[in-house]
Amino acid sequence: MSAETPDVLVVGAGPAGLAAADAARRAGARVVLLDAAGDAGGQYWRHLPASRPAAAERVLHHGWDRFAALRGQEVLTDAQVWLAERHDDRPPTLHVLVGPADGSDRVRRTFAPTTLVLATGAYERTLPFPGWDLPGVFTAGAAQALAKAERIAVGRRVVVAGAGPFLLPVAASLVRTGAQVLGVLEANGWRRLARAWSARPAELLSTRHKAGELAGYVRDLARHRIPYRTGTAVVAAHGTDRVTSVTVARLDADWAPVMGSERRVPADAVCVSHGFVPRTELAVSAGCRLTRDGGVRTDENGLTSVPGVYAAGEITGIGGADLALAEGVVAGLAAAAAADPAGGGISAGQRRDRTVNQRFAARLEAAHGIRPGWVGWLADDTVICRCEEVTAGDLRAGAAATGSRGLRSLKLSTRAGLGVCQGRVCGRTVEDLLNRHTGGLLDAGRTETRPLAAFVRLGELAAGADKEEPA
């Protein structure tokens, strides 16, 4: 197969990928930007399709003008990377299938770039609780995607719960689709929030525009009389065919439920989010090393451990859209310079923007990061791995029966994380629980090293070169 050879290949057309591709193009590089979705924007700028645009799309998005400027560049959409073919001294060759994911006539394309920028984003993390597998329980991101991209409310009476500022725009999106939001429940208490957000106040001056975003969300909550409660969580969902109510409880500083504080709230939907996990399958396939937190390890230019491969955005660590944009600019310029040293360099202001937003990301983690007491709301029959129907009790019994401290052997014996999603939903939770039950896993961190970048039909593999597109 004849491979296409751009100077810079960018994978992912969210904030980081769009910024990287734009910066590399402006530096004079020949750039190809591709994304597995049907349109650019990623999860952050998810919007109605061009065939039925909204009259006031910017109302649902922060930074819409920035996106409008970036989306003008050419993007190869519906392009799924399914294989990264490694080389010792240069970026991997990427094998791509182009076409709708549910289609039967996807076209093969191959790229052998001089440099590669990975901007594949993150998965949402939801901590399990009894009843979380009932219809009507959504990740907050799924609820927001339906609200933004389809103008569909996930329910009439909705509870939004979890941790982090992401809960606020989700509530705002739901209200705009006609849902009644019964409350926004933040698991962390005021003391932790105040301690994290009041530390080193001078640093916040550089990100003061975010105060305007926060004020907008506060106005939305006040206008619609939506209560915002801290130190509180949904600890169970109830119903037969779908959610009819949830149990809400106060939490202590470690997120352990406070006995006697439980109360039942009628609701037909609950949206839950406890943060995000870097989406590293393609980076792992390319041979990139990861940090202890599961993100891709990079230097000050976004360069990974693989020659010619850069990474930007949530794949390097969770930090929000502003950090993703800043990292994308730096990585795009560095990749362009590596492909052609005459293309220019990175300015001090661009590096400073990246540093400022990295500090803000650290503050987010200090304020809203997951605490260990959440396991107190699990029951033995709480499903942890939905694909294989493995419960919390199964994990505990498996660890006790085998006496193993190896994550791989425990996953094989319990089947946890071995289903269709390959641990994307439950992997971190399975590892956290097994780490607790074993007294410490010998190979902790393995949940981030999934080698499968994407699923491919056997028929597509067997088709060989019949559907290749010439370079």
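Note that this is a predicted model, so its numbers are computed, not measured.

1. Comments concerning the overall build of the protein chain
Point 1. Along the protein chain, the regular secondary structure elements total 13 helices and 19 strands.
Point 2. C-alpha atoms of the protein chain, sized along the principal axes, occupy 65 × 55 × 45 Å.
Point 3. Taking all 471 residues of the protein chain together, the buried fraction comes to 53%.
Point 4. Here the protein chain displays about 21200 Å² of accessible surface, and carbon together with sulfur accounts for 52% of that area.
Point 5. Taking the average location of the 56 positive side-chain charges in the protein chain and that of its 49 negative ones, the two points are 6 Å from each other.

2. Some points on helix α1 (residues 15-26)
Point 1. Taking 1.5 Å of rise per residue, the 12 residues of α1 would be expected to cover 16 Å, and the 17 Å separating its terminal C-alpha atoms lies within 8% of that figure.
Point 2. Taken across its 12 residues, α1 has 10 buried, putting it largely inside the fold.
Point 3. Of the residues making up α1, those classed as buried are Pro15, Ala16, Gly17, Leu18, Ala19, Ala20, Ala21, Asp22, Ala23 and Ala24.
Point 4. Count one or two residues on from α1 and you reach Gly28, which has phi positive near 100 degrees.

3. A look at the state of the cysteines
Point 1. Going through the model one piece at a time under the given rule, you end up with zero disulfides.
Point 2. The closest cysteine sulfur to the non-disulfide-bonded Cys387 is located on Cys421, 4.0 Å from its own sulfur.
Point 3. Classification of Cys387 by relative accessible area gives partly exposed; the value is 36%.

4. As for the sheet that holds strand β9 (residues 157-162)
Point 1. Read from one edge to the other, the open sheet built from five strands follows the order β8-β15-β9-β10-β11, with strand pairing classed as parallel. Bordering the open sheet on either side are β8 (137-139) and β11 (228-230), each of which pairs with just one other strand. Within the sheet, the average angular offset between the axes of one strand and its neighbour, ignoring direction, is 20 degrees.
Point 2. In terms of strand pairing, β9 meets strand β10 (residues 180-186) through six bridges, oriented parallel. The residue of β10 that forms the bridge with Arg157 is Gln180.
Point 3. Here helix α4 (residues 167-176) sits on the sheet in contact with β9, β10, β11 and β15 (269-273), set at roughly 175 degrees to β10.

5. Details of the pairing of strand β5 (residues 107-111)
Point 1. Counting buried positions along β5 gives four out of five residues, so the element sits mostly inside the fold.
Point 2. Where strand β4 (residues 93-98) and β5 come together, five bridges link them in antiparallel fashion. Residue pairing in the sheet places Leu94 in a bridge with Phe111 of β5.

6. Some thoughts on the nonpolar core
Point 1. If you look at the biggest cluster of nonpolar residues, it comprises 43 residues, and the most contacted ones within it are Val159, Val234, Val246 and Trp377.
Point 2. By residue number, the principal contributor to this core is strand β12 (residues 232-238), which donates four residues.
Point 3. With residues near it in sequence (within four places) discarded, Val159 still touches Leu182, Gly183, Leu185, Val234, Val246, Val265, Ala267, Ala269, Val270 and Cys271.
Point 4. In this structure, Ala20, Leu33, Leu325 and Val329 belong to the second largest nonpolar core, which totals 30 residues.

7. Some details on the pairing of β10
Point 1. With six of seven residues buried, β10 lies mostly within the body of the structure.
Point 2. The handedness of the β9 to β10 crossover, carried by α4, is right-handed.

8. Some thoughts on the packing of aromatic side chains
Point 1. Taken as a whole and judged by the stated rule, the model has four aromatic pairs.
Point 2. Taken together, a centroid distance of 5.4 Å and an interplanar angle of 55 degrees make the contact between Trp197 and Phe360 tilted. Remark: Phe360 occurs in helix α9 (residues 348-368) and Trp197 occurs in helix α5 (residues 190-198); sequence separation between them is 163 residues.
Point 3. Overall, the relative accessible area of 26% leaves Trp197 in the partly exposed class.
Point 4. Taking the relative accessible area as the measure of exposure, Phe360 reaches 11% and is therefore buried.
Point 5. Between the aromatic rings of Trp374 and Trp377, the centroid separation amounts to 6.5 Å while the plane-to-plane angle is 50 degrees, which identifies the pairing as tilted.
Point 6. Note on Trp377: relative accessible area 6%, which makes it buried.

Here is what the cut-offs are and how they apply
Residues numbered from 1 in each chain as written. Predicted model: local features only at pLDDT ≥ 70, side-chain atom pairs only at ≥ 80, totals over all residues. Heavy atoms only, no water. Helix = DSSP H or I, 4+ residues; strand = E, 2+ residues; numbered from the N terminus. Buried < 20%, exposed > 50% of the residue type's maximum accessible area, 1.4 Å probe, protein only. Areas by Shrake-Rupley, 256 points an atom, 1.4 Å probe, with all protein chains shown as cover. Lys, Arg positive; Asp, Glu negative; His and termini not counted. Charge placed at Lys NZ, Arg CZ, Asp CG, Glu CD. Expected span 1.5 Å × (residues − 1). Disulfide = S-S within 2.5 Å. Pairing = 2+ DSSP bridges. Axes fitted to C-alpha atoms, helices over the stretch in contact; angles between N-to-C directions. Contact = heavy atoms within 4.5 Å. Core = buried A, V, L, I, M, F, W, Y, C linked by side-chain atoms within 4.5 Å. Right-handed = clockwise from strand over helix to strand, strands pointing away. Phe/Tyr/Trp six-rings, centres within 6.5 Å; stacked < 30°, edge-to-face > 60°.

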